[in-house]
Amino acid sequence: MKQRHYHTDDARWQAVENRDANADEQFVFGVITTGIFCRPSCRARHPLRQNIRFFQDIHAAQAAGFRPCKRCQPDKAPLHQQRVERIRRACELMDAREETITLEALAQEMAMSPYHFHRLFKSVTGLTPRAWQTARRHQRLRDALTQGEAVTPAYYQAGFGSGSSYYRDADSALGMTAKQYRSGGKQLSLRYAVVDCHVGRCLVAQSARGICAILLGDDDATLIAELSALFPHAERHLAQNDFSDILEKVIACIHAPDTRLDLPLDFQGTLFQQQVWEALRTIPAGETVSYQMLAAKVGKPNAVRAVASACGANRLAIIVPCHRVIRHDGKLSGYRWGVARKAALLQHEAKKET
Ligand SMILES: [Zn+2]
């Protein structure tokens, strides 16, 4: 966690005055005249400073005889976390069912109006519930295919409906007819943001289907240029605040590479590239494989060069860990985002192992 700066009462008061939500997990304040304690971000009118006492946490405030505010509910998980938790439950529910669940049924299940549920779902995942379910089915189809299952049973297992839309769905899932991508993403709309990570700057982009690019670099301009080169005709929008949950999830996965990202991924590539990328995702953090081993893993032991170029075409840095592939003599070989960065990533993961 980042070091915050609320060590002095002046800094704390400042945070209260600004209703600084970043301070919410750092301290609470009690109001002597009412006997109530609040989070720094509480929307209620501010008391006079002289009537305020600061506490490390809710336990200290309660021990001093203060009761939690009904408005900001400092004794409950942050509102934002409660909302994310709800959406997580909705996702589980959708995963557990074969068929598509309607918006109305999901909203009812979550005790929310369809309108609010839809809006909240989209702000947390970046997708509509329907798009999310489609993306997950596609993901299951890819998973089944890389386990070597025949296409048709895999397709049914992945929860696609009747066979009529088989080719259309399979094509879009596998990226084989994804003409819009081949032509550089015409009619495609992406949102993106650039943030810090432990190996420099990181650009995260999301399409309607899921996370479509995670790029690493030293400066934002280069990263944005790389994104334009990958999706030259797509509409690219700098993301707003509602992208922050997604960013947080991606960055958490980048820092702790053994956690699997539970967001839909928008892999766009040939079937072969996608097989290579899925195989890469099975290499645990702290381990490396050679290009030869990876080629054997996807059942094409002679296609070492094609495997290497599929690694080079990876657009989802770290989440698809192409940095875990090294030459059979142990040399690092190349990396799309620089060999020094590859070395740093491997070193970071090796440390985690001990
Ligand atoms: Zn309050």
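Parameters at a glance
Residues numbered from 1 in each chain as written. Predicted model: local features only at pLDDT ≥ 70, side-chain atom pairs only at ≥ 80, totals over all residues. Heavy atoms only, no water. Pairing = 2+ DSSP bridges. Helix = DSSP H or I, 4+ residues; strand = E, 2+ residues; numbered from the N terminus. Contact = heavy atoms within 4.5 Å. Axes fitted to C-alpha atoms, helices over the stretch in contact; angles between N-to-C directions. Donors = N, O, S within 2.8 Å, 3.2 Å for Na, K, Ca; no water. Tetrahedral: all angles 85-135°; square planar, octahedral: opposite > 155°, others 65-115°. Buried < 20%, exposed > 50% of the residue type's maximum accessible area, 1.4 Å probe, protein only. Salt bridge = Lys/Arg side-chain N within 4 Å of Asp/Glu carboxyl O.

Undergrad: Teacher, can you tell me more about the sheet that holds strand β3 (residues 52–55) here?
TA: Backbone-to-backbone hydrogen bonds pair the strands of a sheet. The strands run either parallel or antiparallel. Taken in spatial order, the 4 strands of this open sheet run β3-β1-β2-β4, and their pairing is mixed. Of all strands in the sheet, those bounded by a partner on one side alone are β3 and β4 (67–68). Examined bridge by bridge, strand β2 (residues 36–38) and β4 share 2 bridges and lie parallel to one another. Residue pairing for β4: Ile 36 is matched across the bridge by Arg 67. Those strands touched by helix α1 (residues 9–17) are β1 (28–31) and β3, and its axis lies near 105° from that of β3.

Undergrad: Explanation requested: the coordination of the zinc ion in the structure shown.
TA: Around a metal, the idealised angle for a tetrahedral arrangement of four donor atoms is 109.5 degrees; for an octahedral arrangement of six donor atoms it is 90 or 180 degrees. Every protein donor of the zinc ion is accounted for by Cys 38 (SG), Cys 42 (SG), Cys 69 (SG) and Cys 72 (SG), and the metal-donor separations fall at 2.3 to 2.4 Å. Classification of the site at the zinc ion as tetrahedral follows from its 4 donor atoms and the range of 104 to 123° in their angles at the metal. All donor residues of the zinc ion come from one chain, and their arrangement in sequence is C-x3-C-x26-C-x2-C. With a gap of 27 residues between them, Cys 42 in the loop between β2 and β3 and Cys 69 in the loop between β4 and α3 (79–96) connect regions that are remote in the sequence. One exposure class covers both Cys 42 and Cys 69, and it is buried.

Undergrad: I would appreciate a short explanation of the pattern of salt bridges in the present structure.
TA: Oppositely charged side chains can pair when the atoms bearing their charge come close. The full count for this structure, using the stated rule, is 12 salt bridges. Here Asp 242 makes a salt bridge to Arg 191, at a shortest N to O gap of 3.1 Å. Of this pair, Asp 242 sits in the loop between β8 (235–238) and α11 (244–255) while Arg 191 sits in strand β5 (residues 189–197), and the two are 51 residues apart along the sequence. Put simply, Asp 329 and Lys 331 hold a salt bridge, and the shortest N to O gap is 4.0 Å. Here the salt bridges share partners, and the residues they tie into one network are Asp 196, Arg 201 and Asp 220.

Undergrad: What is the right way to read unusual backbone geometry from this model?
TA: Of all residues except glycine, most have a negative phi; of all peptide bonds, most are trans. The backbone of Ala 111 sits at a positive phi, close to 55°, despite the residue not being glycine. Assignment of secondary structure puts Ala 111 in the loop between α4 (103–109) and α5 (114–125). In the Ramachandran plot, Ser 333 falls in the positive-phi region, its phi being about 60° despite a non-glycine side chain. Structurally, Ser 333 is set in the loop between β10 (325–326) and α15 (339–353).

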